[in-house]
Structure formats: C-alpha cells, structure tokens
Amino acid sequence: MTAYILKRLLIGIATLVVASVVVFSMLEIVPGDPARLMLGINATDDALQALRQQMGLDQPLVWRYLEWASGLLTLDFGRSYTYSVPVIDLIAERIVVSLPLAVIALVMSTAIAIPVGVFSASRRGRPADTISMGATQFGVAVPNFWFALLLIYIFAVWLRLVPAGGFPGWSAGVWPALTALILPAVALALPQAAILARVTRSSLLEVLGEDYIRTARAKGIPYRHVLWRHALRNALIPVVTILGLQFAFLLAGTIIIENVFYLPGLGRLVFQAITQRDLIVVEGVVMLLVAAVIVVNLLVDLSYALVDPRLRANR
Amino acid sequence: MSLLEIENLSVEIDGTPILKGVDLTIDQGEVMGLVGESGSGKSMTALAVMGLLPFAARAAGRVSFGGIDILAATEDQMCALRGDDIGMVFQEPMTALNPVKTIGEQVAEGIRWHTRATRADAEAHARKILDRVGLPEAKFPLSVYPHQLSGGQRQRVVIAIACALKPKLLIADEPTTALDVVLQKQILELLRDLVDENRMGLLLISHDLAVVTDMSDRITVMRHGEVMEGGETARTLSRQLHPYTRQLAQASMHVPQRKPFASPSWGDRAAGAGGGSDRTQAGRPSATPERGRDADPELVEGKADWGKNQSALLSVENIVRDYPGRRTSLFRKPEPVRAVDGVSFSMQPGQSTALVGRSGCGKSTLARMILALDRPTDGEIRFIGEALTGKDEAALKSARRNMQVVFQDPYGSFDPRHKVERLIAEPLHLMEEKPSAKERRDKVAAALHEVGLSPRDMDKYPHEFSGGQRQRLSIARAIITRPKLVVADEPVSALDVSIRAQILDLFADLNSRLGVAYLFITHDLTVARAITDDVMVMHEGRIVERGPTAEVLDHPQSDAAKALVAAAPDLHRAIARRLQEQG
C-alpha cells in the first residue's frame, strides 16, 4: 500500500513537471508581447526595450523557464504584468472564494445525487424512476447560468432571502460570505448532481444484477438493506471518478457563474489575465489547477482502494 | 405432510410459459435430485420456492413449505424464511460473494439479521460454521476477503452462509458445476454430511445425472418446464421407463464411434503394431488395456523419447512458464510463480490426446504457449518441424494456419455484431493468397456443412443459434483452414449432455475424416475417455503421468491421476450403488 502511494506521488510529480513545460511553452508561442500591451501602442522602442529588460523578457527561453519553475517551488509565481503585484497574492485573494464555492457545490451535488440515484435504481421502471430520471435529464440539458438566473429571480428578487450577487469578503463575517455563495453553489451543483445521479443509478443497476446480490437476498435480508449495504459500495467507483473530474471543473471552470453573481473567483481572474495578455498570471493559475487535479486524482485513486479490497492487495 | 410440497406450479414471464404444472415434494432429511437440461425450468422452480422469481414472473399453483403458502406470502414473511428455514447455494462461486465485504461479515450478516444476536455472538457463530465447512480459523480468519479464496473455498463460504442457521430445507442449484471433479467430490460430501447432521431436506439441482444419482434418494426429471418422471432414484434410473430419462442416461454415457484416419504416418504405426483395427469397433475404442501397449510401443516403452520425435506434428521440449509473483517488499524482487514446469511431450499427426488436470494445474497456460499466444520462459516448441518460440507474428502465419482453437464458452467466443460468414472466415487471413469473395463464401459453406449446419446459416448472427450450434460454429471456424492440430479447451463442459454427445460425435467424425489431431484440455475424464487415444495428467505445472487413455484411467499410478479418477462421477457405478441401497 505504501509502495502504491509512493508510486502515485512520483507519477504526480512527473506530471507536474511535464505540465509546467507545456504550460510555459504554449503561452510563449501565442502571439502578443506583454511589454507592448502594458505600455500601449504609442510607446517608444527605447521604453519598450527597457521594460522588456526589466521584466526579463529578453532572457533566453530556457533560462526564463528555469527561473519561473524554480520560483513555483517556493510559491513565487512571479509578478503580474498588469497589476505589478505578486501573482500569488492575486490567487490567494480569489481562492478564498473559489475553493469554498467548489467544495459547497460538490457536497451539495453528492448529497442530492446519491439518494436520487439509489431511489431511482430501487424503483427501476416504475413511475418514480421515470420522473426522477426525467428531472435529471432536464438538469443535464439545461445550462447552469439559466438555473442561476432562475435562482436569483426567486430567492434574491422575489423572496429577498439572499443577495443577488457580489461577495462581501470573509472579513465581513462567515454568515454574510456564506449567504453570498449559496445561490452560485446551488446553480453549479444542480447540473452536476443530475449527471452524478444518472451515473449512480446505472452503476447501481449493474451491480444489482450481480450474483452476490442474489446471495444476500437468499440470506433473508430485505431488498432495501441489500441495496444500501451490498450494492451501493460496489457501485461507488464510477461515482467517485466522476466526482474527481467535477471538482477540477468546479474550481476554475465556473467563469460564467462567477460573472452572473459578480464573484471575484479564479475563473474571472484567469479570464481577465488572458484578455490582458498577463501571461504570468495565466501560467500561475493553470499550474495551480494542474496541481489540484493531480491531488484530487490521487485522492480518488486512494478512495478506490478504500472501497475495494481487491485493489488494496497486490499493489 | 412433507416439508416442501409443490403442486401444479406454473410460472410465466410476459405470457411465455416457463413452468407447466410442476409437482414435487421433499421430506425432512431427504435428498431430492432435480435433473434436466438448460432451459428445463430447474432454477426457476428453485427461485419460486425462495420467492425470488423475477419481477415480471407470474406464478400459479401451490408451493407449501412447513404449512406456509409461499406464493401468497408477503415479502416480509419470505425474508423471515430465507436464510433461516430455507438456505440456497448457487452455481457460480466466483461471483456469489460480495467482493468488498469480508467472509466474516457475509456469514455473520444473516445470523445477526435472523437471531438479533450481537456482532460478537454472530461472529462466534460464523466462526463455528466456517470451521465446520472446512475453513479453519488458522488459515481462513473472518477478515479474509473473497478474492483471497479459490473457487472451492468460496463455495464453502456460500454453503456456510446457507447452512449457518440450520435450515430445514437447503436448495443447491448446480453447486459444483463450476468446480473441477476433485473439488466437486469434496463439496458434495460436505453437503451430504450437513444434510445428515441436521436432518435437512436437500433439493439438489444438476444437469449431471451421475452427480444426482450419487446423491439423491429420489429424483425428478424435468424438460421444457414440465416434470417428465419422478420417483426413487434407483428404480427410475435402472428401469429407465420414460423415454426422456433413457435419452438423458444414454447421452451421459455416450461414447462416439471412432474410425482411424488413413494418413500414412498413422497407418504405418497402427499396421506395424497390428492392433490398430480395434478402434473401428463400436464402443470404447481402447477397452482392452493391452491394446495400447501393442499399438503404440513408443508411447509406453519409449517414454524417455517423448518430445524428441523428429517426425512429430508437435513437439514440446522442457517448457517452463513463470509469472511474476506477488510483491512482498518494496525492495525485494517478487518470487516468480511457476505455472508450467519443464513439460515435454510430442504428438503424431491425427493423434487425439487429452490433457487432464485439476483447475489451476497449468493446462491452459501450456495450451496458450502451444498456440503461440504466450511465450514460454524457457524451452522449445516445434510444430511440423518448425520452432514456434521466439518468432514474430508474420513468421508464425503458416503455423497459425495449421493450428486452430476451440474454446469452452460458445457464447463469449463470438463477436455478437458480426455475421456467421465473417466469424467463420476469420482465420482465412492466414492463407498465403487472399481468397476472393466467392471462394470465401464457398469455404465457409463447406465448413458449415462439415459441422452439420446449413450454408444458409451464413447470414445469421450468433445470437440466433443455441449453445450447441454455437459450439459447432466455433468448430467450423477452427477447421476452415484445414488445420493439422486443433486445441480444444474444455470444448463440451458448457453444454448439456445430449448436445455434448453430438459435439463429441462431431469431433470424432472430423478426426477420422480430416485427420485432424486434437489436444483436448479437460478436467472431465468421461470426455477424455470418449475421444482420445492418449492422456497426459498434469499436476502443479508438471506432467505426472501419461499413456494410452484407457490404461491410465483404469489403472492410474500417480496420486494426481488416482484422485481425478476416484472423484469422477460415473453413472454406472452410481446406479449400481443406489440399487444396492434401495433394493
């Protein structure tokens, strides 16, 4: 087991190194000179030269990569071209919004999806199954910003329970900050929950056809107990895989929702950085996401072993 | 009143009748054998008693267990019966246990549910029953997971689950079909002991007449959802009054007629020894033990020369296959597991050889290496004078053309989305010249004809055929390139007895008409006896005994061969024993 974790860690580190090379060179290839962008089109050549030198853009490519990559190790992501502040400060400012948002959305979607999936599977082919699967079909098909608008209309405009947008910051207190995150989290969670519920249902139905389910029923255990005690745990592996993928998306793929709710999250940061050719910020955020995905995948792999004893042995 | 009374039970699913007026009774302490071929409704009868029929099934009639009307019982009442008063053991031990729960949890679960015992008490009880079924604590603690057990051990766990609360009735649905003969004998003995100890009634379902005869006081014969005949085992089987019972009994003991193939090499050998004509006679081709000695001097006297014969069709020399073992430490190289350990033998053209052994003895690994699907760790395999080892795919083409394979499972070995023509023509890409579309169809038609199917079947899909017909398709696929050797891995063990008899006939017929040599891999000695000249007994990666089939099977020398022979169910012997007991 220790060997397995060590091996996974090493693979994770290797992936990070490769990703850093790819991210760095991709952004080097795309056209657009950050120095010129900062100074505007009327800048003199001399000023441009001077700025490029100051930013280190005149150094050889390999050198710049090494400098950037070694900085990453000490969490020094460099300085933003546009804001002239350390990139890590920008990220830190945004992650306190994005990370809680992603976690809340993920917990919500799991809490909705698994009971719905189990419920549907246990009533396969009956009206309750048809209705809940129809609802999830709707949830998968409808984009999350539509849910967002609907939620704002109902809970913010009509019922006036929560603010319609903006983020007061955690310094304003935990409760106001949380209420600002609830609607976006629900809007993000609903489509994810719909996907997850469908995966849970189909995975569970497959497991319910297995021989050991019949063995459990032959022991005299009622069907409902068999479902929760024997079937669900075996059906969890595909569910956990999807969860891992969803988390990566929720962390930075939420730009639309962040815009709808005026949330200062990572998605908006990276979007602004791209439009302003603030490459060093883009690089920093992307590397952070790569690291997050690798960590989540490691956790997913470990949870497989937790669920299934066959994976614990022999690795 | 009997323990279980089934009267006029009918079941239909979506309007299709599955069971038609089944009658059956079991008394306390009685073993009732339920025999029939696949689709005869045996399992459906068992599921009706358990109240576990599929949702779409509609049952009518009367099933009464200890005075309780099962068909009218609520799900709660059935849950109280299942696992407490009625236990059930299933066919496939490999999948019958939940892979993510320990055996302790799984055995204790039913005990806790029915007796409301504490976890500790239930586990102590589970420990006792596991000890009883032959899984002692020292080697099999409660914390063991199913994947750490072999098939036979898993079946013991399933039996422990079923018998933990000393049920009044135990239903065993093909409990040993997936196990090799030695394990089968052990499991059947265990079931019989448990029945005797607890005065249980046992409903033993099997397609194997010999097993049922050996075990049961009374038998019921089913076909197409109807009971054909029922009664005391000895009387039913010795008189064989019902034509279907007779047909089943004859099919179980069927031995194909075999004629020698007039190939020069085989003819020389047989004529030179002067005993080869024995095999033209009906019945067992090698009934006299001396015959083998006369006919095949090199097989017996020349044992030292096995594997060195230059004119041999196939010669295997000192083959070894290691698999990487389980890693015990991060820093030590894992000990390899030796699956095949220095095996040598040779086969002549047209010769039919059986490779028998218990599951896990290495026989399938050996076959894979002969088929060049796996590379030996050490040793050499020569086929028609050509070395197979260490060659790439292109160089193996001619060898592959002359060597084909038939697998056990006629359902799994075809792509369900391809038509028969394409499936059977598959090996034709091994020919030197690519056949034209018409030649291809002609060859497929000829191969279908050869195996007793119609050329019209060419445009059908595999699902349109029955299990026996599919096995004919795989044989057609194997012979389309006119191979010199066919390797058959348990080719009839998934088939019903009457179909099995037909397929064995087909193998024998093709052997004499086309001169194909066979390497039959099987754990079933009746198959080996029926259609092979020679037999090799494999045990733990080595060949421990070999010789003419009849001689080895009648007078086994090695412990492994003796165990196989002793465990093999034999209908003649079983009936004789029953007759003695039941008068």
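Per an unreviewed UniProt entry, chain B goes by the name Peptide/nickel transport system ATP-binding protein and belongs to Neomesorhizobium albiziae. Check the Sequence similarities (unreviewed entry) section of the UniProt entry for chain B; it says "Belongs to the ABC transporter superfamily."

By the naming in an unreviewed UniProt entry, chain A is Peptide/nickel transport system permease protein, taken from Neomesorhizobium albiziae. A UniProt comment under Subcellular location (unreviewed entry) is attached to chain A, and it reads "Cell membrane". We quote the UniProt Sequence similarities (unreviewed entry) comment for chain A here in full: "Belongs to the binding-protein-dependent transport system permease family."

Remarks on the overall build of chain A
The helix and strand tally for chain A stands at 14 helices and zero strands. Moving toward the C terminus, one meets the helices and strands of chain A in the order α-α-α-α-α-α-α-α-α-α-α-α-α-α. Each of the three principal axes of chain A carries a C-alpha extent, and together these read 85 × 60 × 35 Å. When each of the 315 residues of chain A is scored for burial, the buried share is 34%. By sequence separation, contacts in chain A at least 24 residues apart represent 69% of the contacts at least 6 residues apart.

Remarks on the sheet that holds strand β12 (residues 337-347) of chain B
Residues and elements named next belong to chain B. The four strands lie next to each other as β12-β11-β14-β15, forming an open sheet whose pairing is antiparallel. A single partner strand is all that each edge strand has here, and the edge strands are β12 and β15 (386-387). Sheet topology places strand β11 (residues 314-323) next to β12; eight bridges connect them, and they run antiparallel. Bridged to I319 within β12 is V343. Along the sheet, helix α13 (residues 363-370) makes contact with β11, β12 and β14 (378-383), crossing β11 at roughly 120°.

A few points about the interface of chain A and chain B
Facing the 21 residues of chain A at the interface are 27 residues of chain B. Broken down by element, the residue count for the side of chain A that touches chain B peaks at seven residues, all from helix α9 (residues 211-218) of chain A. Broken down by class, the residue content of the side of chain A that touches chain B amounts to eight nonpolar, five polar and eight charged.

Observations concerning the domain arrangement of chain A
Residue and element names in this part refer to chain A. Annotation of chain A at the domain level lists domain 1 (2-73) and domain 2 (94-308). Taking only C-alpha atoms into account, the centre of domain 1 sits 33 Å from that of domain 2. On the domain 2 side, the residues contacting the 13 residues of domain 1 number twelve residues. Of all the secondary structure elements, the ones that give two or more residues to the side of domain 1 that touches domain 2 are α1 (2-29) and α2 (34-39). Sort the elements by how many residues they give to the side of domain 1 that touches domain 2 and α1 lands first, with nine residues. Considered class by class, the residues forming the side of domain 1 that touches domain 2 number eight nonpolar, four polar and one charged.

Remarks on the UniProt feature "transmembrane region" (unreviewed entry) in chain A
Per the UniProt record, the feature "transmembrane region" (unreviewed entry) sits at residues 9-30, 95-119, 140-161, 173-196, 235-257 and 285-307 of chain A. The span residues 9-30 of chain A is 95% helix and 0% strand, and its two end C-alpha atoms sit 32 Å from each other.

Notes on the packing of helix α5 (residues 87-122) of chain A against helix α13 (residues 279-307) of chain A
All names here are of chain A. α13 packs onto α5 with a crossing angle of 55° between their chain directions and a minimal axis gap of 10 Å. Taken together, the axes of α5 and α13 are oblique relative to one another. By crossing handedness, the relation of α5 to α13 is classed as right-handed. Counted together, V87, L90 and I91 of α5 and I280, V281, G284, V285 and L288 of α13 form the full contact between these two elements. Of the residues assigned to the contact of α5 with α13, the class counts are seven nonpolar, one polar and no charged.

Structural notes on the domain arrangement of chain B
Residues and elements named next belong to chain B. Here chain B is partitioned into domain 1 (4-252), domain 2 (264-308 + 349-377 + 387-402 + 483-569) and domain 3 (414-482). Facing the 17 residues of domain 1 at the interface are twelve residues of domain 2. Residue assignment for the side of domain 1 that touches domain 2 shows that the elements contributing at least two residues are α6 (181-198), α7 (209-215) and α9 (243-252).

Here's the deal with the environment of V96(A)
Within the element layout of this structure, V96(A) appears in helix α5. V96(A) sits in the partly exposed class, given 16 other C-beta atoms within 10 Å.

As for the pairing of strand β19 (residues 534-539) of chain B
Remember that side chains alternate between the two faces of the sheet whenever the strand is regular. All names here are of chain B. β19 sits mainly inside the fold: six of its six residues count as buried. Residues D534, M536 and M538 line one face of β19 and the alternating positions V535, V537 and H539 line the opposite face, and both faces are buried. Bridge count between strand β13 (residues 352-356) and β19: four bridges; the pairing is parallel. The residue bridging V356 from the neighbouring strand is V537, located in β19. Looking at chain direction, β19 and strand β20 (residues 542-548) are connected through six bridges and run antiparallel. The residue of β20 that forms the bridge with V535 is G547. Linking β19 back to β20 in an antiparallel pair, the connection comprises two residues, with E540 at a positive phi of about 50°.

Calculation rules
Sequence order as written defines residue numbering, which begins from 1 separately in each chain. Chain labels run from A onward and ligand labels from 1 onward, assigned in the order the entries are written. For a predicted model such as this one, the threshold for reporting local features is a pLDDT of at least 70, and the threshold for listing and counting side-chain atom pairs is 80 or more; totals across whole chains, interfaces and linings nevertheless cover every residue. UniProt positions are given in the numbering used here, feature names are shortened, and annotations may be inferred rather than shown by experiment. Secondary structure counts use DSSP, requiring at least four H or I residues in a row for a helix and at least two E residues in a row for a strand, with both numbered from the N terminus. The exposure label follows from counting other C-beta atoms within 10 Å of a residue's C-beta, where the C-beta atoms are placed from the backbone and the thresholds are 20 or more for buried and 12 or fewer for exposed, leaving partly exposed in between. We call two residues in contact when their backbone-placed C-beta atoms lie within 7 Å. By definition, two strands form a pair when at least two bridges between them are found by DSSP. Think of each axis as a best-fit line through the C-alpha atoms, taken over the contacting stretch in the case of a helix, with angles from 0 to 180 degrees between the N-to-C directions. Amino acids are sorted into nonpolar (Ala, Val, Leu, Ile, Met, Phe, Trp, Tyr, Cys and Pro), charged (Asp, Glu, Lys and Arg) and polar (every other residue, Gly among them). As used throughout, domain bounds are those supplied by an automatic or database domain assignment. Under this scheme an angle from 65 to 115 degrees is roughly perpendicular, one under 35 degrees roughly parallel, and one over 145 degrees roughly antiparallel; angles in between are oblique. In this scheme, a crossing is called left-handed if the near helix is turned counterclockwise away from the far one by less than a right angle; it is called right-handed if the turn is clockwise.

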